[in-house]
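# Residue-level structural notes
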Amino acid sequence: MTMSGRGRGRHYSDDRSNPSHGGGGRGGSISGGSSGDVAPALTRTQTPAAYSPPPASSSSAPVASSLSSEMEQKLTLETTTAQVAAVPPASSKAVRFQERPDLGTVGRKIQVRANHFLVQVADRDLHHYDVTITPEVTSKKIHREVINQPVHLYSETHLGKRIPAYDGMKSLYTAGPLPFSSREFVVKLLPNDAGSSTSKRKRKDREFKVALSLANKPDLHRLQQFLRCQHVETPQDAIQVLDVALRATPSEKYTVVGRSFFSTEHGPKGSLGEGLEFWRGFYQSLRPTQLGLSLNIDVSARSFFEPILVTKFLAKHFNYSYRSKPLPDRDSMKTKNEEVKRTYTINGLSAQPLGQLRFTCEDENRSVVQYYRKKYKIDLKYVAWPAIQAGNDSKPTYLPMELCKIVAGQRYTKKLNQKQVTNILEQLVNVRRPGKIVLQR
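So, here's what we can say about the structure. (Residues numbered from 1 in each chain as written. Predicted model: local features only at pLDDT ≥ 70, side-chain atom pairs only at ≥ 80, totals over all residues. Heavy atoms only, no water.)

### Considerations on the sheet that holds strand E8 (residues 206-216)
Overall, antiparallel pairing links the 5 strands, which are arranged E5-E6-E4-E8-E7 in an open sheet. Edge positions in the open sheet fall to strand E5 (165-166) and strand E7 (182-189), since each of these has one partner strand only. Sitting on the sheet, helix H3 (residues 140-154) is in contact with strand E4 (126-134), E5, strand E6 (171-175), E7 and E8, with an inclination near 110 degrees to E7. (Pairing = 2+ DSSP bridges. Helix = DSSP H or I, 4+ residues; strand = E, 2+ residues; numbered from the N terminus. Contact = heavy atoms within 4.5 Å. Axes fitted to C-alpha atoms, helices over the stretch in contact; angles between N-to-C directions.)

### Details of the pairing of strand E20 (residues 396-399)
Relative to E20, strand E19 (residues 386-391) runs antiparallel, the two being bridged by 4 bridges. Looking across to E20, one finds that Ile388 is bridged to Leu399. Between E19 and the antiparallel strand that follows it, E20, lie 4 residues.

### Overview of helix H6 (residues 236-253)
Look at H6: 26 Å from first C-alpha to last across 18 residues, which is about the 26 Å you get at 1.5 Å a residue. Residues Ala238, Ile239, Val241, Leu242, Asp243, Val244, Arg247, Ala248, Pro250 and Ser251 constitute the buried set of H6. (Expected span 1.5 Å × (residues − 1). Buried < 20%, exposed > 50% of the residue type's maximum accessible area, 1.4 Å probe, protein only.)

### Observations regarding the nonpolar core
Core analysis: the largest hydrophobic core is formed by 33 residues, its most contacted members being Val310, Tyr372, Leu380 and Ile388. Core analysis: the next-biggest nonpolar cluster, separate from the first, contains 19 residues, Ile147, Val187, Val210 and Leu212 among them. (Core = buried A, V, L, I, M, F, W, Y, C linked by side-chain atoms within 4.5 Å.)

### Digging into the side chain of Ser251
Along the chain, the position of Ser251 falls in helix H6. Within the local environment of Ser251, its side chain forms a polar contact with the backbone oxygen of Arg247, the two atoms lying 2.5 Å apart. Filtering out sequence-adjacent residues up to four positions away, Ser251 remains in contact with Arg144, Val256 and Phe261. (Polar contact = N/O pair within 3.5 Å; in protein donor to acceptor, adjacent residues only side chain to side chain.)

### Remarks on the pattern of salt bridges
Within this structure, the stated rule accounts for 6 salt bridges. Arg222 is the salt-bridge partner of Glu233, the closest N and O atoms lying 3.9 Å from each other. Of this pair, Glu233 sits in the loop between helix H5 (220-227) and H6 while Arg222 sits in helix H5, and the two are 11 residues apart along the sequence. Here Asp243 and Arg259 are joined by a salt bridge, their closest N and O atoms 2.7 Å apart. In this pair, Asp243 sits in helix H6 while Arg259 sits in the loop between strand E9 (255-257) and strand E10 (260-262), placing the two residues 16 residues apart along the sequence. (Salt bridge = Lys/Arg side-chain N within 4 Å of Asp/Glu carboxyl O.)

### Notes on unusual backbone geometry
Glycine aside, the phi torsion of most residues is negative, and most peptide linkages are trans. The residue after Thr134, namely Pro135, is reached through a cis peptide bond having omega -5 degrees. As for its placement among the helices and strands, Pro135 is situated in the loop between E4 and H3. Notably, Lys161 is not glycine yet its phi reads approximately 65 degrees, a positive angle. Note on placement: Lys161 falls in the loop between H3 and E5. A positive phi angle, close to 60 degrees, is found at Lys377, a residue other than glycine. When you line up the elements, Lys377 lands in the loop between helix H8 (368-376) and E19. Overall, the relative accessible area of 70% leaves Lys377 in the exposed class.

### Considering the packing of aromatic side chains
Scanning the model with the defined rule gives 13 aromatic pairs in all. Ring centres 5.3 Å apart and planes at 35 degrees place the aromatic pair Phe261 and Phe282 in the tilted group. One end of the pair, Phe261, is in strand E10; the other, Phe282, is in strand E12 (residues 276-289), and 21 residues separate them in sequence. Aromatic ring contacts, followed pair by pair, group Phe359, Tyr371, Tyr372 and Tyr376 into a single cluster. (Phe/Tyr/Trp six-rings, centres within 6.5 Å; stacked < 30°, edge-to-face > 60°.)

So, in structure tokens, the structure goes:
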């Protein structure tokens, strides 16, 4: 055995003059072992006390064993740098794919059709831009309308022929940089209702300021490393960019509910009764797998209000169709005035019946019933029912229920009853009862 240090009555080599060891005296590294064996490298965990040699003996084996045991208590194995480099970095976000134990050897091979589609990602520089819209609005639909204007007007010029992907709120992504790191646009939204020219002139254009500023550059290289199992932390920022890009077009074309998209283009609507219907759609999600990046797509269905007149909805949903009796205190929703073709956000119902409501128009106090008779040549019939109230409390707008139609695409958020759930399943899946099965021995 060869060790650095001092001793008496045994063979010790003093390594103070050897530059390959970690210094002289007692502070150097130590190697030990029998002839022909390679001992592991050892490192001191703390500076040991001065060594006191044991009394001399006729046999050196017990002494060597005692010395080895004493030194092992004060030393720890050193992990080599090669072993450290072989283990990928890990954190709380680390994901490890389950290794396949072996290939199958029994049975026959078959093909399985799955709702996963592998995604090929081009090697492009991703750029993330922060979006600030002033004045602030909460509707994603308005956000998209605001962003679409500079995209359509300036994609060939100010945006450097880039087609960005927008998440509907605060983030915009491009494959490659825009010609600027920060810029502001002024956007005007025109009234999109098909009302009269007079009403359009009264309703001013809405003006917004859109500020785009470079936030960061998501790294696709880390995603490629992760898919090759060279990195265990999920590069969520890069996956989010690709997910937003895949959702950009369907978000503009279809009705979005969570991670699903619904439209009457995906199949016929189905009736659920009580003024409700269901639309067909699809769910999509981008997920990392052992085979690569996968787009998971599944069919979906969602209940919506039928786009019918409010009076017909009350008859179907609440079983109420008495014109001369007051309406019970029930729910209300968004409606569209069929006479003037405008969409209103409903705040509630009037406290008084429609026949008793009056307002001032052109310095003349008149009733709602008289107004519709004189202006639109309509004799209102449901005068005992309350009117739908839009606008604000200081300046309300009263709309007759019989002239208002529920806007299409409004999802029904309450729980469906068992009959309605069964109705959806029977129409989505063509349920066929199995015939008689004959078994032979």
